[in-house]
Amino acid sequence: MTQARTQLTLASVAVAFAAADTYVVVLALPDMMSGVGLSADQLQRAAPIISGFLLGYIAVLPLIGRITDVVGRTPVLVGALLLFAVGSLITASAYDLSLVVIGRFLQGVGGGGLVPATLALVADLWPPSKRGLPLGVVGAVQELGSVLGPLLGAAVLAVADWRYIFWLNLVVAVVLAVLLRGRQRPPVSAAVGLLACIALGLTLTAPEHLATGVTLGLPFVPFTGDSRLLTPIGLVTAVLLIAWLALLLRKADLRALAQIDLVGALLLALALAGVVLAFATADPEREVLSPAGPWLLVAAAVFAIAFAAWQRHLGMPDPAAAAFGPEPGPASASAEPGPSALPASAEAGPTALPASAEPGRDVAAAGDRPTPPRRRVAIIPAGLLQHPAAWGSLVVSFLVGAALIAALVDIPVFARTTQGGGQLAAALVLVRFLIALPLGAVAGGWLTRRYGLGLITGAGLALAGLMFVLMAFWDRDALDGVPATLVLLGCGFGFGLALSPVNTAMLGATPPDSHGLVSALVVVARMVGMLVGVSALTAIGLRRYYALAEDIPSPNELCPSSPGTCRPFVDALRDAAIAQGHTIFAGAAVCAFAAAVLAVVLLGRRHVVHG
């Protein structure tokens with residue numbers, strides 16, 4: 001148990017660091033653009049730097065969640081950290097936009113994979129009635145990363161180039177991966193992977209003192225064109241990466257992985273990718289969807305229908321398995337699996353299996369009864385989300401994301417509009433909101449031991465909604481006073497209160513062998529809510545802004561003698577921008593209040609314990 005709790009601590013630190021990276025990049029984006037040859041007016045071309053990360057974070061998350069349930073928590077945590085490290089290496093070494101996007105995509109996959117594995121590890125270590133507080137602590141640590149992210153980014157950018165942010169990511173991710181493995185002897189694949197990463201770094205950076213040498217520079221001479229990848233050292237890197245992957249696959253339990261529904265995972269990933277790209281690549285200043293957004297949503301709908309049909313196909317009875325008859329044992333096939341049906345030694349999760357048992361390996365029943373062939377299980381098994389607390393957690397998470405993004409994006413925008421100053425000053429205003437999130441998360445986790453999950457979630461989101469209502473009445477000097485700080489703290493605390501109860505409700509309403517998957521689905525719902533929310537609320541706010549701006553007299557009318565420096569015109573535009581913020585805050589309040597009502601109704605007044 002001590003070792004498992006140590007792993008949970010390391011995993012929580014990793015989740016916090018990945019969360020911090022998201023906010024670091026927001027500050028570093030202008031420098032990253034210039035680093036890959038983009039000018040300040042080419043912001044739309046830089047959108048894939050953000051959308052690539054989101055695509056990796058969201059689209060692949062259900063698959064990683066299912067892998068977590070099949071192979072165990074620690075292997076996924078280590079693998080996610082290594083993937084995050086490789087993505088950081090590629091981003092830090094990138095010399096063009098495409099490499100930055102690839103690196104950010106891998107970072108998204110790795111950073112996103114840490115979350116469901118960590119939440120599932122909590123469910124393995126604590127019984128349902130005591131999960132609230134540790135889930136709250138994990139949520140608090142994650143939100144603490146959000147607080148430290150802007151500060152870390154500002155500190156690094158003040159003394160070094162933006163690339164050092166990702167070099168730091170690389171070092172921290174590797175150290176955490178090594179610590180998570182414990183005292184196990186490093187396998188051969190680790191040495192090959194280290195050589196592959198060193199070769200990859202040399203290939204992409206092409207150090208001048210090596211690349212320009214008469215002899216040492218030969219490996220860096222391209223076979224054709226000017227790509228650094230089409231070089232002798234690039235070829236060596238490709239061979240090493242293939243060898244590393246082959247060694248990892250050789251070590252993996254392929255029979256266990258064969259249970260994973262890759263077709264369903266691919267269809268679901270494509271459906272989510274369509275939604276992500278439709279909203280994430282749009283310019284929120286002008287449009288809700290990107291120019292290709294309608295077609296992307298149509299494609300997403302097609303893949304979603306195909307996914308549902310495939311899931312239905314996998315849920316049909318298997319004739320080959322039916323020939324062996326029903327499974328032996330006291331529990332019937334229709335019995336709902338849950339903690340009460342497990343022996344005490346099995347409650348710890350996948351890591352508690354006997355040494356002789358491998359995940360996904362068929363074990364013969366007593367009396368040498370032949371074992372039916374193992375078939376793939378649907379990526380989202382039928383009936384998994386049938387409990388109101390399960391699908392209700394997803395709906396509430398979606399609405400929480402839609403409301404939360406308004407605070408993360410529009411509080412800094414409001415600060416720049418009313419106070420001026422740069423991006424750092426606006427980020428420091430946001431810190432007043434972010435610093436209360438981890439405090440609320442811990443409090444929400446502790447309260448789950450005394451009160452119902454729905455009541456705690458509803459109270460927290462109602463508090464956040466009330467604070468948004470107060471923000472909708474802020475004037476241009478509001479952020480200079482103490483009341484605004486209290487509003488920001490109250491809003492952050494309210495959101496924090498809802499983090500642990502929602503996760504606790506989902507884990508309690510689903511069987512233990514799907515905890516990795518359902519934890520991933522909660523994160524996906526929240527992230528999709530954020531994407532939809534930022535586009536929809538910004539569009540509504542801009543409509544309000546343009547309606548007011550049309551009624552503003554021109555500078556020639558307001559200041560005939562000095563139209564070029566017309567202060568009344570500037571003030572009128574600023575008031576219109578403030579009204580835009582008020583509209584967005586009001587929309588966020590609606591989302592928060594709706595989530596509060598649904599939480600009380602769907603998540604229940606008492607703990608939901610599966611089984």
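Each residue is numbered by its place in its chain's sequence as written, counting from 1. The model is predicted, so local features are restricted to residues of pLDDT at least 70 and side-chain atom pairs to those at 80 or more, both for listing and for counting; the totals for chains, interfaces and linings are taken over all residues. Side-chain descriptors were evaluated using all non-hydrogen atoms of the structure, hydrogens and water having been removed beforehand.

### Thoughts on the overall build of the protein chain
Here's step 1: Secondary structure is summarised from DSSP: a helix means a run of H or I of at least four residues, a strand means a run of E of at least two, and numbering begins at the N terminus for each. What the protein chain contains, in helices and strands, is 22 helices and 0 strands.
Here's step 2: Burial here depends on accessible area, computed with a 1.4 Å probe over protein chains only, as a share of the maximum for the residue type. Under 20% is buried, over 50% is exposed, and the range in between is partly exposed. The burial tally for the protein chain puts 49% of its 611 residues in the buried class.
Here's step 3: Here the protein chain has roughly 27700 Å² of accessible surface; of this, 69% comes from carbon and sulfur atoms. Here the Shrake-Rupley method, with its probe set to 1.4 Å, supplies the accessible areas, and only the displayed protein chains count as covering residues.

### Some points on the state of the cysteines
Here's step 1: What counts as a disulfide here is a pair of cysteine sulfur atoms lying within 2.5 Å. Counted according to the given criterion, the structure contains 1 disulfide.
Here's step 2: One disulfide bridge connects C559 with C566, the sulfur atoms lying 2.2 Å from each other. Across the S-S bond linking C559 and C566, the dihedral sits near 65 degrees, which makes this disulfide right-handed. For the pair C559 and C566, one class covers both residues: buried.

### Examining the confidence of the model for the protein chain
Here's step 1: For the protein chain, the mean per-residue pLDDT works out to 80, and 85% of the residues sit at or above 70.
Here's step 2: Put simply, helix 14 (residues 319–322) is where the protein chain has its lowest mean pLDDT, 47, and helix 18 (residues 453–471) is where it has its highest, 94.
Here's step 3: pLDDT is a per-residue confidence score from the predictor, ranging from 0 to 100. Residue contacts are counted whenever heavy atoms from the two residues lie within 4.5 Å of one another. Note that residues 320–373 has pLDDT below 50 and, in this model, 57 contacts with residues that lie over four places away or in other chains.

### Quick notes on the pattern of salt bridges
Here's step 1: By convention in these notes, a salt bridge is any Lys or Arg side-chain nitrogen within 4 Å of a carboxyl oxygen on Asp or Glu. Within the structure shown, the criterion is met by 7 salt bridges.
Here's step 2: Residue R73 is joined to D69 by a salt bridge in which the shortest nitrogen-to-oxygen separation is 3.1 Å.
Here's step 3: With relative accessibility at 1%, the residue R73 sits in the buried group.
Here's step 4: Judged by relative accessible area, D69 falls into the buried class, the value being 12%.

### Observations concerning the packing of helix 4 (residues 73–93) against helix 5 (residues 97–125)
Here's step 1: Under this scheme, a helix contributes an axis fitted over its contacting stretch, all axes are lines through C-alpha atoms, and angles between N-to-C directions fall in the 0 to 180 degree range. At a closest axis distance of 7 Å, the pairing of helix 4 and helix 5 adopts a crossing angle of 160 degrees. Between helix 4 and helix 5, the angle is such that the two are roughly antiparallel. Between helix 4 and helix 5 the crossing geometry is left-handed.
Here's step 2: In the contact of helix 4 with helix 5, the residues fall into 16 nonpolar, 9 polar and 3 charged. Roughly parallel covers angles under 35 degrees, roughly antiparallel covers those over 145, roughly perpendicular covers 65 to 115, and oblique covers all other angles. By convention, the crossing between two helices is left-handed when the near helix turns anticlockwise from the far helix through less than a right angle, and right-handed when the turn is clockwise. Think of it as three bins: nonpolar holds Ala, Val, Leu, Ile, Met, Phe, Trp, Tyr, Cys and Pro, charged holds Asp, Glu, Lys and Arg, and polar takes everything else, Gly as well.

### Here we look at a nonpolar patch on the surface
Here's step 1: Taken together, the side chains of F223, L229, L230, L235 and V239 present a nonpolar region at the surface, about 490 Å² in accessible area.
Here's step 2: Within the secondary structure, L229 sits in the loop between helix 9 (208–211) and helix 10 (232–251).
Here's step 3: For L229, a relative accessible area of 41% corresponds to the partly exposed category. Think of a patch as exposed residues, more than 30% relative accessible area, with no salt bridge, where like charges cluster within 9 Å and nonpolar side chains (Val, Leu, Ile, Met, Phe, Trp, Tyr) cluster within 5 Å.

### Describing the environment of M32
Here's step 1: By the secondary structure assignment, M32 is in helix 1 (residues 2–35).
Here's step 2: Under the relative-accessibility criterion, M32 is labelled buried at 1%.
Here's step 3: Considered as a pair, M32 and L97 are 65 residues apart in the sequence and their alpha carbons are 9.1 Å apart.
Here's step 4: The residues contacting M32, other than those within four sequence positions of it, are V25, I49, T91, V100, W162 and F166.

### A few points about unusual backbone geometry
Here's step 1: Despite not being glycine, A206 has its phi angle at roughly 45 degrees, a positive value.
Here's step 2: Among the secondary structure elements, A206 is positioned in the loop between helix 8 (188–205) and helix 9.
Here's step 3: Take A206: its relative accessible area is 19%, and that puts it in the buried class.

### Notes on the side chain of H515
Here's step 1: Relative to the elements of secondary structure, H515 occurs in helix 20 (residues 515–550).
Here's step 2: H515 has contacts with D69, R73, A120, A123, R131, L507 and T510, leaving out every residue within four places of it along the chain.

### Focus on empty space enclosed by the protein
Here's step 1: In this analysis, the protein atoms alone were mapped onto a 1 Å grid. Cavities are point sets where a 1.4 Å probe fits without being able to get out; pockets are open sets with protein on both sides within 12 Å along at least five of seven lines; lining residues have an atom within 4 Å of a point. Grid points are joined across faces, edges and corners, and a volume is the space filled by probe spheres set on the points. Per the counting criterion, the structure on display carries 4 cavities of 30 Å³ or more.
Here's step 2: As a volume, the largest cavity reaches approximately 40 Å³.
Here's step 3: As for the largest cavity, its lining consists of A14, F17, A18, L81, F84, L114, A173 and L176.
Here's step 4: A per-element tally of the lining of the largest cavity places helix 1 first, with 3 residues.
Here's step 5: Across the lining of the largest cavity, the residue classes tally to 8 nonpolar, no polar and no charged.

### Here we look at the packing of aromatic side chains
Here's step 1: The aromatic pairing rule takes the rings of Phe, Tyr and Trp, using the six-membered ring of Trp, and pairs them if the centres are within 6.5 Å, calling planes under 30 degrees apart stacked, those over 60 edge-to-face and the rest tilted. Within the structure shown, the criterion is met by 9 aromatic pairs.
Here's step 2: Both rings, one in F468 and one in F585, keep their centres 6.3 Å apart while their planes meet at 25 degrees; by these two values the pair is stacked. A residue pair is termed long-range when its members are at least 10 positions apart, and F468 in helix 18 and F585 in helix 22 (residues 567–602) qualify at 117 residues.
Here's step 3: Here F468 falls in the buried class, since its relative accessible area comes to 0%.
Here's step 4: A relative accessible area of 0% places F585 in the buried class.
Here's step 5: Through a chain of ring-to-ring contacts, the aromatic side chains of F414, F433, F468, W474, F495 and F585 assemble into a single cluster.
Here's step 6: For R228, the ring lying beneath its charged end belongs to Y95, and the centroid distance is 4.5 Å. The criterion for a charge sitting over a ring is simple: Lys NZ or Arg CZ within 6 Å of the ring centre, and within 35 degrees of the ring normal.

### Focus: the environment of A85
Here's step 1: Take A85: it is sitting in helix 4.
Here's step 2: Considered as a pair, A85 and V174 are 89 residues apart in the sequence and their alpha carbons are 6.5 Å apart.
Here's step 3: Filtering out sequence-adjacent residues up to four positions away, A85 remains in contact with L170, A173 and V174.

### Structural notes on the side chain of T91
Here's step 1: In this fold, T91 is placed in helix 4.
Here's step 2: The class for T91 is buried, based on a relative accessible area of 0%.
Here's step 3: Residues in contact with T91, not counting those within four places in the same chain, are M32, V100, G103, R104, Q107, W162, R163 and F166.

### Here we look at the packing of helix 6 (residues 132–159) against helix 17 (residues 436–447)
Here's step 1: Two elements in contact, helix 6 and helix 17, have axes separated by 7 Å at closest approach and are oriented at 175 degrees. With respect to each other, helix 6 and helix 17 are oriented roughly antiparallel. Contacts from G132, L133, G136, V137, G139, A140, E143 and L144 in helix 6 reach L437, P438, A441, V442, G445 and W446 in helix 17.
Here's step 2: Its residues assigned to classes, the contact of helix 6 with helix 17 shows 9 nonpolar, 4 polar and 1 charged.

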